[in-house]
Amino acid sequence: RKDISLRGVQDYAHFRFLVVSGLRAFEAVGLQWKQIDECETGYKLTIRGKGGKIATITIEDRESVKALRRAFRLRFGRVPQGDDLVFQSTGMGRGGDTAGISKSGLSVRIAAVVDAARKAGIIRQNLAFSTHTTRHTCATLLVEAGVDIHSVQKHLRHANLNTTQVY
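Here the structure is a predicted model, which means the values were calculated and not measured.

Caption draft 1: Region of the structure containing the pattern of salt bridges. One pass over the structure, following the stated rule, counts 10 salt bridges. The shortest N-O distance in the salt bridge between R16 and D61 comes to 2.8 Å. Taken together, the positions of R16 in helix α1 (residues 6-21) and D61 in the loop between β3 (54-59) and α3 (62-76) put the pair 45 residues apart, joining distant regions of the chain. In the salt-bridge network here, residues are joined through shared partners; they are R7, D11 and R109.

Caption draft 2: Structural context of the sheet that holds strand β2 (residues 42-48). Overall, antiparallel pairing links the 3 strands, which are arranged β1-β2-β3 in an open sheet. The sheet is open, and its two edges are formed by β1 (36-39) and β3, each paired on a single side. Averaged over all pairs of adjacent strands, the angle between their axes in this sheet comes to 25°, without regard to strand direction. Where β1 lies against β2, 4 bridges are found, and the strand directions are antiparallel.

Caption draft 3: Layout of empty space enclosed by the protein. Within the structure shown, the criterion is met by 1 cavity of 30 Å³ or more. Its volume calculated, the largest cavity comes out at about 40 Å³. Considering the residues around the largest cavity, the lining is formed by Q10, H14, L68, A71, F72, R75, V86 and Q88. Going through the elements one at a time, α1 and α3 are the ones with two or more residues in the lining of the largest cavity. A total of 4 residues in the lining of the largest cavity trace back to one element, the largest contributor, which is α3. Looking at side-chain class alone, the lining of the largest cavity contains 4 nonpolar, 3 polar and 1 charged residues.

Analysis parameters
Residues numbered from 1 in each chain as written. Predicted model: local features only at pLDDT ≥ 70, side-chain atom pairs only at ≥ 80, totals over all residues. Heavy atoms only, no water. Salt bridge = Lys/Arg side-chain N within 4 Å of Asp/Glu carboxyl O. Helix = DSSP H or I, 4+ residues; strand = E, 2+ residues; numbered from the N terminus. Pairing = 2+ DSSP bridges. Axes fitted to C-alpha atoms, helices over the stretch in contact; angles between N-to-C directions. 1 Å grid on protein atoms, 1.4 Å probe; cavity = no way out; pocket = protein on both sides within 12 Å on 5 of 7 lines; lining within 4 Å. Points joined across faces, edges and corners; volume = space filled by probe spheres on them. Nonpolar A, V, L, I, M, F, W, Y, C, P; charged D, E, K, R; others polar.

Nothing here speaks to function; it is all geometry.
And the structure:
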C-alpha cells in the first residue's frame, strides 16, 4: 500500500535514491541539490566521498530524483534551491531552520522501510539490512544488468577493484 504521508513519501524517495546511487550514508546526508545536474542519460551527481575525493557518477533512474523533489515539495511547499539538503528530516532544526536528516536518522528510516517489507512478505524475515546494504544492492543490480566491473568500481568509487569483484 502506498503511504502518501510526508514520512512515507520521504522513505520511498530516500530508499530508492540510495539503491540506485550507491551513496554512502555520510555522502547522502551531506548532498545538496546543486550537486545534482540533469544530463542526457539521467542525472550527474558530483559528490565528496571518502578522503574528501570529488567524484561524478551518473544516475539513469530519473524517477529517483523526481521522488526526492516530490518529497522536498511536500515537506516545504516549494522547489528545492541549490544549497538545500536533498535528504531532509520531517522535523525542524534548532531555531526553526530546516533540518537535514542525520546518518542515524537515515538508518532508522531505512530500518523502518525494511521492517515494512518484512511484514509485507517482500523480503525474508532474517535478512540483515542496513543503510550500507543499499550500496551493496546498487552494486548487485548494476552487475546483474550487465554493467562491466570497472564501471561498477567507478560508480561505487572503490579504490581497489578487488573490493568491487565480490559482486
